[in-house]
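Close look at the chain arrangement
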Amino acid sequence: QVQLVESGGGLVQPGGSLRLSCAASGSIFSIYAMGWYRQAPGKQRELVAYIFSGGSTNYVDSVKGRFTISRDNAKNTVYLQMNSLKPEDTAVYYCNTAPEDLGSWGQGTQVTVSS
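Because the structure is a prediction, the values reported are computed rather than measured.

1. Considerations on the pattern of salt bridges
Summed over the entire model, instances satisfying the criterion amount to four salt bridges. One salt bridge connects Glu46 with Arg38, and the closest N-O pair in it is separated by 3.0 Å. For Arg38, a relative accessible area of 8% puts it in the buried group. Each of Arg38, Glu46, Arg66 and Asp89 takes part in a single network of salt bridges with overlapping partners.

Okay, here's the thing in structure tokens:
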């Protein structure tokens, strides 16, 4: 199936920005809708945003206007541009197919928003 490797997380202050990348292996990548999920300690994993193969997108209300998901099918890569970050955005961020997670979960990338 599809292997997924997330990167780009880090520590930022509230109001800062990060750009996450998800590198997918497999020539079948371009047919899947892909999403970014996040999981904070003690909380359920949450689907934050997803993008169809043709480029249409969906976002959870809490990130609308702040996050932008995009994909480059030629590079088998999905991105999440995160602006105006808030402490409540702190979580491990994962990518997978969406809205159903059909692939194997990767290690994720840690995003910490703190002053």
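2. A word on unusual backbone geometry
Ala98 connects to Pro99 through a cis peptide bond whose omega is 5 degrees. Locating Pro99 in the fold gives a position in the loop between β9 (91-97) and β10 (109-113). Despite not being glycine, Asn76 has its phi angle at roughly 55 degrees, a positive value. Residue position: Asn76 is located in the loop between β7 (67-72) and β8 (77-82). Using a relative accessible area of 18% as the deciding quantity, one classes Asn76 as buried. One non-glycine residue, Ser84, adopts positive backbone phi at about 50 degrees. By secondary structure assignment, the location of Ser84 is in the loop between β8 and β9.

3. Concerning the pairing of strand β5 (residues 46-51)
Both strand β4 (residues 34-39) and β5 contribute to a ladder of five bridges, which runs antiparallel. Paired with Tyr37 across the two strands is Leu47, which belongs to β5. Where β5 and strand β6 (residues 57-59) come together, three bridges link them in antiparallel fashion. If you follow Ala49 over to β6, its bridge partner there is Tyr59. Linking β5 back to β6 in an antiparallel pair, the connection comprises five residues, with Gly55 at a positive phi of about 110 degrees.

4. Some points on the state of the cysteines
Disulfide: a covalent bond formed between the sulfur atoms of two cysteine residues. Taken as a whole and judged by the stated rule, the model has one disulfide. Across the disulfide from Cys22 sits Cys95; the S-S distance is 1.9 Å. Between Cys22 and Cys95, the S-S dihedral sits near 65 degrees, and the bridge is therefore right-handed. Of this pair, Cys22 sits in strand β3 (residues 18-25) while Cys95 sits in strand β9, placing them 73 residues apart in sequence. Cys22 gets classed as buried once you look at its relative accessible area, which sits at 0%. Classification of Cys95 as buried rests on a relative accessible area of 0%.

5. Observations concerning the packing of aromatic side chains
Using the criterion set out here, one finds three aromatic pairs in the structure. Ring geometry for Tyr37 against Trp105: centres 5.0 Å apart, planes inclined by 90 degrees, an arrangement best described as edge-to-face. Separated by 68 residues along the polypeptide, Tyr37 in strand β4 and Trp105 in the loop between β9 and β10 bring together distant segments of the chain. Classification of Tyr37 by relative accessible area gives buried; the value is 6%. According to the relative accessible area criterion, Trp105 is partly exposed, its value standing at 30%.

Definitions and limits used
- Residues numbered from 1 in each chain as written.
- Predicted model: local features only at pLDDT ≥ 70, side-chain atom pairs only at ≥ 80, totals over all residues.
- Heavy atoms only, no water.
- Salt bridge = Lys/Arg side-chain N within 4 Å of Asp/Glu carboxyl O.
- Buried < 20%, exposed > 50% of the residue type's maximum accessible area, 1.4 Å probe, protein only.
- Helix = DSSP H or I, 4+ residues; strand = E, 2+ residues; numbered from the N terminus.
- Pairing = 2+ DSSP bridges.
- Disulfide = S-S within 2.5 Å.
- Phe/Tyr/Trp six-rings, centres within 6.5 Å; stacked < 30°, edge-to-face > 60°.

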